[in-house]
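Descriptive structure summary
Below, each chain spelled out in residue letters.
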Amino acid sequence: MELGSSIKVVSELTGLPLGTLRAWERRYGFPQPTRPEGTNRRLYPSEQVERLRLVARALKQGYRPGDVMSLSSAQVLALVKSETEDRAAPRGRAIADVPALLDLLVQDDVKRIEDELRLAAAALGAKRFVTELAQPLAVAVGKAWSEGKLAIRQEHVMTECLTTKLRALLSSHEADEGAPLVVLATLPGEPHTLGLQMVALYAALSAAKPRLLGANTPAAQVAAAARAFGAHAVGIALTPAADPVSARQGLKSLARALPPTVALWVGGSGARGLGKLPPRAEVVDSWPTLDLALARARKAS
Ligand code: B12
């Protein structure tokens, strides 16, 4: 279950004052943030943030709160769209894209990067944050680094900022009862774990339970973890930076050691270039193939 964004973040994203958000909650019963037990905090799920952004647009166009508050997001969208097809609609703050984040990285403006990632996650929701921003950003950072446009320290900073955000989003999800468990790791010689963090969050958002083992986990230990946790699948990340001979060897040992009912997924940008994989291994290196693999795991669980 996703917990959501703070009132401060929502206010910044929508341009609506804090007092207005609280007043609407009392007056109209919307938005309806969750209140974590024992705290006074309000947390707004991403669908509510999206609807508030639309409501804010409608208000800028002259509608009153009472006109739009009882409408669904789709109805408010239809309303604001028909009014502003070509007039640039004043709305909340725009969400930073990959080039803007790369610029901030070049300027070493880490504070702004953190703020922009927080706002983007709130506005896009966790799944779109991963697929539309975090993954393209990591790939763009790698390209900029290989072209000499970014220093190693800047690549490291972006990796850390993304890791922090991905972990925070992941920790606010609770797995559903009966969700299939997926063990995620890299084998020895592969330090790239950022992809695993993205896959973990994506899996959690797709009704699966990720269990991260991290980098450099020996094949026998991955297999032992899969048994101990009753895993439905094991996902191994590979980049072209790993030595292909030991990567193939590691996958072979893992394939032998895993119980036959456990699926073996090989993902990451190095998966496809590895050549012949053990027969039971499947390459899962895009969001649609991950969707299919997760659907199969859910069915089997
Ligand atoms: C961050 C990063 C690092 C960080 C890693 C930190 C960390 N904790 O992960 C650090 C700084 C440690 C690092 C080190 C190195 N890196 Co590096 N790194 C990257 C970078 C920028 C991002 C990796 C990433 O997270 N990508 C995001 C993933 C999610 O994208 P994706 O692979 O497209 O993912 C899709 C699928 O594959 C799938 N998926 C991904 N993972 C998984 C896992 C599972 C289980 C499943 C099911 C699916 C799945 O999900 C996505 C769906 O669309 C990449 C650039 C790139 N293009 O990826 C370079 C990159 C991988 N690194 C590279 C290199 C060269 C290195 C080094 C060798 C550099 C050096 N000379 O020291 C070292 C490795 C040293 C070693 N011991 O091996 C090269 C590899 C190219 C090559 N041919 O060798 C790349 C491609 C950069 C480049 N453009 O040149 N790196």
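Residues numbered from 1 in each chain as written. Predicted model: local features only at pLDDT ≥ 70, side-chain atom pairs only at ≥ 80, totals over all residues. Heavy atoms only, no water.

1. With respect to the site of the ligand
- Contacts to the ligand come from 31 residues, most closely from Gln135, His192, Thr193, Leu194 and Gly268.
- The backbone of Thr193 places a nitrogen or oxygen atom 2.7 Å from an oxygen atom of the ligand.
- Taking Gly268, its main chain carries an N or O atom lying 2.9 Å from an oxygen atom of the ligand.
- Sorting the residues of the shell around the ligand by element identifies helix H8 (126-146), helix H9 (152-171), helix H10 (194-204) and strand S5 (233-237) as the ones contributing at least two each.
- Ranked by residues supplied to the shell around the ligand, first place goes to H8 with 6 residues. (Near = heavy atom within 4 Å. Polar contact = N/O pair within 3.5 Å; in protein donor to acceptor, adjacent residues only side chain to side chain. Helix = DSSP H or I, 4+ residues; strand = E, 2+ residues; numbered from the N terminus.)

2. Description of the pairing of strand S6 (residues 263-267)
- The buried fraction of S6 amounts to 4 of the 5 residues, a majority that puts the element mostly inside the structure.
- As defined by bridge partners, S5 adjoins S6 across 5 bridges and the pair is classed as parallel. Along S6, the bridge assignment pairs Gly235 with Trp265.
- At this point the chain moves from S5, through helix H12 (residues 244-257), to the parallel S6, and the crossover so formed is right-handed.
- Here S6 runs beside strand S7 (residues 281-283); their pairing, made up of 3 bridges, is parallel. Considered in S7, the bridge of Trp265 is made with Glu282. (Buried < 20%, exposed > 50% of the residue type's maximum accessible area, 1.4 Å probe, protein only. Pairing = 2+ DSSP bridges. Right-handed = clockwise from strand over helix to strand, strands pointing away.)

3. A look at the pattern of salt bridges
- Counting across every chain of the model gives 12 salt bridges.
- Across the salt bridge formed by Arg112 and Glu116, the nearest N and O atoms sit 3.3 Å from each other. Of the two residues, Arg112 and Glu116 both sit in helix H7 (residues 110-124), 4 residues apart, roughly one turn of that helix. (Salt bridge = Lys/Arg side-chain N within 4 Å of Asp/Glu carboxyl O.)

4. What about the nonpolar core?
- In this structure, Leu101, Leu117, Phe129, Leu137 and Trp265 are the most contacted members of the largest nonpolar core, which totals 47 residues.
- Among the elements of the structure, helix H6 (98-106), H7, H8, H9, strand S3 (181-185), H10, S5 and helix H13 (287-300) are those that each provide at least two residues to this core.
- Look past the residues within four positions of Trp265 in its chain and what remains in contact with it is Val182, Ala233, Val234, Gly235, Ile236, Glu282, Val284, Leu290, Ala293, Leu294 and Ala297.
- Counting residues in each nonpolar core, the second largest holds 25 residues, with Leu181, Val183, Leu187 and Leu277 among its members. (Core = buried A, V, L, I, M, F, W, Y, C linked by side-chain atoms within 4.5 Å. Contact = heavy atoms within 4.5 Å.)

5. Topic: the coordination of the cobalt atom of the ligand
- In this structure the cobalt atom of the ligand is ligated by exactly one protein donor, His192 (NE2), at 2.2 Å.
- Position of His192 among the secondary structure elements: in the loop between S3 and H10. (Donors = N, O, S within 2.8 Å, 3.2 Å for Na, K, Ca; no water.)

6. Here we look at the packing of H8 against H9
- At a minimum axis separation of 10 Å, H8 and H9 run at an interaxial angle of 165°. The pairing of H8 with H9 is recorded here as roughly antiparallel in orientation. When you trace H8 past H9, the crossing you get is left-handed. Contacts between H8 and H9 involve Ala126, Phe129, Val130, Ala134, Leu137, Val141 and Trp145 on the former and, on the latter, Ile152, Glu155, Met158, Leu162, Lys165, Leu166 and Leu169.
- In terms of residue class, the contact of H8 with H9 is made up of 12 nonpolar, no polar and 2 charged. (Axes fitted to C-alpha atoms, helices over the stretch in contact; angles between N-to-C directions. Parallel < 35°, antiparallel > 145°, perpendicular 65-115°, else oblique. Left-handed = near helix turned anticlockwise from the far one by under 90°. Nonpolar A, V, L, I, M, F, W, Y, C, P; charged D, E, K, R; others polar.)

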